[in-house]
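What follows is the residue order along each chain.
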Amino acid sequence: MRLSRYFLPILKENPKEAEIVSHRLMLRAGMIRQQSAGIYSWLPLGLRVLRKIERIVEEEQARAGAIQVLMPTIQPADLWRESGRYDAYGKEMLRIADRHERDLLFGPTNEEMITDIFRAYVRSYKDLPLNLYHIQWKFRDEVRPRFGIMRGREFLMKDAYSFDVDKEAARHAYNRMFVSYLRTFTRMGLKAIPMKAETGPIGGDMSHEFIILASTGESEVYCDKALLDLETPAADTDFFSDLTPIVEAWTAPYAATDEMHDPAAFETLAESARVSARGIEVGHIFYFGTKYSDPMGAKVATGDGNEVPVHMGSYGIGVSRLVGALIEANHDEAGIIWPASVAPFHVGLVNLKPGDGPTDAASEDLYGKLTAAGVEVLYDDTDTRAGAKFATMDLIGLPYQVVAGPRGLKDGVVEVKNRASGEKELLSPDAVVNKLVPALTA
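Bear in mind that the values here come from a model prediction, so they are computed numbers and not experimental data.

1. A closer look at the pattern of salt bridges
And step 1. Summed over all chains, the structure comprises 29 salt bridges.
And step 2. The partner of Arg 102 in a salt bridge is Asp 98, and the shortest N-O contact between them spans 2.8 Å.
And step 3. Between Glu 218 and Arg 151 there is a salt bridge; the shortest N-O distance is 2.8 Å. Remark: Arg 151 occurs in the loop between strand S7 (130-139) and strand S8 (154-164) and Glu 218 occurs in the loop between strand S10 (206-213) and strand S11 (219-224); sequence separation between them is 67 residues.
And step 4. The partly exposed category is assigned to Glu 218, whose relative accessible area is 31%.
And step 5. For Arg 151, a relative accessible area of 29% gives the class partly exposed.
And step 6. Linked through salt bridges whose partners overlap, the residues forming this network are Glu 59, Glu 60, Arg 63, Arg 183 and Arg 187.

Quick look at the structure:
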């Protein structure tokens, strides 16, 4: 993509309304624009990151056996009355009525609707296990939206829902999502720690939040340092085998959010093993048994002819929130530092002197070769001073910067900068292609 043809509205000054790093950098880098309190438009650069996060989530959900659907944002209130949650949910639910005075709501979550879909089509235990998910916009009317997309009112969420014939089978489904989440966040360059958590308005008797440690986190969290060194399950993990050993390895060490914290148990750890920090929730999984299937009549026939309510779980990932969480975990004073798997572009190619024949030729050649090899390039071909070009590239945080200028090209080299490490090296244009293509397209 040529920057001269792209929409990238960079802000030079820090926005006054931005309280945390991710909000400030997303506004400055032209990723989002606030339309009203807690509601944002996603601009091209931000949307590219959002889509890459979605893709990773979709791939890992498929690996774990979940099947994608798409449910509407507007839901009939009657479904929520069936489950008993319509009046209990609170003011965070945006309640509306259509022209026929039918009660509707803007969905904050989808347990009722997915249960309605299930009960309409599934009748036999032979059709289980089943896990259905979607990625859809949600709305929760936060009393005080803040921190940009980290605590907005409208947000993009992946929510999955499992259906099983009994509690034992449902726990296997829970374990599959548990392991899937570990892999999902690792692929984004994040270390997410599963922690015991309250179930809140979702309900249930087993729940884990997946937390990344960050100084700007919304809550205090506590864990055993050993969790920071555990390895993520391998890509070839058999998700339909017994995953209990993996889950136990991650849940045996102490880890809890502030609401579930047991100071006495935490203090039995050696002082050097205690980690007390701020954390950002990026995922939350629940097992809630028959909380929704019982009142809504979601039953299946068993082998002995009886009908039983299905056991359910739900599994959420804050897709849009992850963009902010990634920035909180990956930035410096100059701007964002994207992990390659979620970066909006892989390479920022800077032409230091547009209009200079040899510089234009070398830049165009690099742009063509890298793009043809599958590397996503943002090519700064604009007639702007060098300092502004460098500042923009550092701000938007692409993994690599390639700088072509008349001085270096006289010696047949361009400069390559690794954004994360800051290391620079001079390479021939062909060597740049040979270095970056394998690193960014593997």
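Still more ground to cover, so stick around.
2. A short note on the packing of aromatic side chains
And step 1. For the structure shown, the criterion picks out 13 aromatic pairs.
And step 2. Between the aromatic rings of Phe 106 and Phe 139, the centroid separation amounts to 5.6 Å while the plane-to-plane angle is 50°, which identifies the pairing as tilted. Residue Phe 106 is found in strand S6 (residues 103-106), and its partner Phe 139 is found in strand S7; the two are separated by 33 residues along the sequence. For the pair shown, Phe 106 and Phe 139 are each scored as buried.
And step 3. Three or more aromatic residues joined by ring pairs make a cluster, and in this case those are Phe 178, Tyr 181, Phe 185 and Phe 210.
And step 4. The residue whose ring lies beneath Arg 81 is Tyr 86, and the NZ or CZ to ring-centre distance is 4.5 Å.
And step 5. Its guanidinium or amino end placed over the ring of Tyr 86, Arg 95 lies 4.9 Å from that ring's centre, counting from NZ or CZ.

3. Overview of the sheet that holds S6
And step 1. Reading across the sheet, the three strands line up as S4-S6-S5 and stay open at both edges, with antiparallel pairing between neighbours. Looking along the sheet, the strands with just one partner apiece sit at the ends: strand S4 (74-76) and strand S5 (94-97). Looking at each pair of strands side by side, their axes are set apart by 35° on average, direction ignored.
And step 2. Sheet analysis places S4 next to S6, joined by three bridges and oriented antiparallel. Within S6, the residue paired with Pro 76 across the bridge is Leu 104.

4. Remarks on the sheet that holds strand S21 (residues 400-404)
And step 1. The sheet built from five strands is open, its strands ordered S20-S19-S21-S22-S23 with mixed pairing. Looking along the sheet, the strands with just one partner apiece sit at the ends: strand S20 (377-380) and strand S23 (424-427). Mean inter-strand twist for the sheet, computed between neighbouring axes without regard to direction, equals 20°.
And step 2. With five bridges connecting them, strand S19 (residues 347-351) and S21 associate as parallel partners.

5. What about the environment of Glu 259?
And step 1. Along the chain, Glu 259 turns up in the loop between strand S12 (255-257) and helix H7 (263-266).
And step 2. Here the alpha-carbon distance between Glu 259 and Leu 128, two residues 131 residues apart in the chain, equals 34 Å.
And step 3. Reaching out from Glu 259, the side chain makes a polar contact with the side chain of Thr 257 at a distance of 3.2 Å.

6. Things to note about the side chain of Thr 359
And step 1. Note on placement: Thr 359 falls in helix H10 (residues 357-372).
And step 2. Of the polar contacts made by the side chain of Thr 359, one reaches the side chain of Asp 356; its length is 2.6 Å.
And step 3. Sequence-distant contacts of Thr 359, defined by excluding residues within four places in its chain, comprise Asn 351, Leu 352, Lys 353, Ala 404, Gly 405, Pro 406 and Leu 409.

7. A short note on the pairing of S19
Taken residue by residue, a regular strand's side chains alternate between the two faces of the sheet.
And step 1. Burial runs high along S19: five of the five residues are buried.
And step 2. With burial as the criterion, each face of S19 is covered, one bearing Val 347, Leu 349 and Asn 351 and the other bearing Gly 348 and Val 350.
And step 3. In this structure, S19 lies alongside S20, joined through four bridges in parallel fashion. Considered in S20, the bridge of Val 347 is made with Val 377.

8. Considerations on the nonpolar core
And step 1. Ranked by internal contacts, the top residues of the largest apolar core, which has 82 residues, are Met 31, Ile 53, Phe 185, Phe 210, Val 323 and Trp 338.
And step 2. In terms of residue count, helix H5 (residues 167-187) provides more of this core than any other element does, nine residues in total.
And step 3. For Phe 210, the residues in contact, after removing those within four places along its chain, are Phe 178, Tyr 181, Leu 182, Phe 185, Ala 192, Ile 193, Pro 194, Ile 280, Glu 281, Val 282, Gly 283 and Ile 285.
And step 4. Core analysis: the next-biggest nonpolar cluster, separate from the first, contains 25 residues, Met 71, Leu 79, Phe 288 and Met 312 among them.

The rules behind these values
Within every chain, residues take consecutive numbers counted from 1 along the sequence as written. Local features are withheld for residues below a pLDDT of 70 in this predicted model, meaning they are given only at 70 or higher, and side-chain atom pairs are given and counted only at 80 or more; totals for whole chains, interfaces and linings count all residues. Just so you know, side-chain values use all the structure's heavy atoms and leave hydrogens and water out. Salt bridge, as used here, is a side-chain nitrogen of Lys or Arg placed within 4 Å of a carboxyl oxygen of Asp or Glu. Each helix is a run of H or I in the DSSP string that is no shorter than four residues. Each strand is a run of E no shorter than two, and both are numbered from the N terminus. Per-residue accessibility, obtained with a 1.4 Å probe over protein chains only, is compared with the maximum for each type, and a residue is labelled buried under 20%, exposed over 50%, and partly exposed between these values. Only rings of Phe, Tyr and Trp enter the pairing, Trp through its six-membered ring, and a pair is recorded when the two centres are within 6.5 Å. The plane angle decides the type: under 30 degrees is stacked, over 60 is edge-to-face, the rest tilted. For a lysine, the NZ atom is tested; for an arginine, the CZ atom; a charge sits over a ring if that atom is within 6 Å of the ring centre and within 35 degrees of the ring normal. Strands qualify as paired when DSSP identifies two bridges or more between them. Simply put, an axis is a line fit to the C-alpha atoms, just over the touching stretch for a helix, and the angle between two N-to-C directions goes from 0 to 180 degrees. Nitrogen and oxygen atoms within 3.5 Å of one another constitute a polar contact, given that in protein one can donate a hydrogen and the other can accept it, and given that sequence-neighbouring residues count only through two side-chain atoms. Residues are treated as being in contact if the distance between any of their heavy atoms lies within 4.5 Å. Remark: nonpolar core denotes a set of buried residues (Ala, Val, Leu, Ile, Met, Phe, Trp, Tyr, Cys) joined through side-chain atoms within 4.5 Å.

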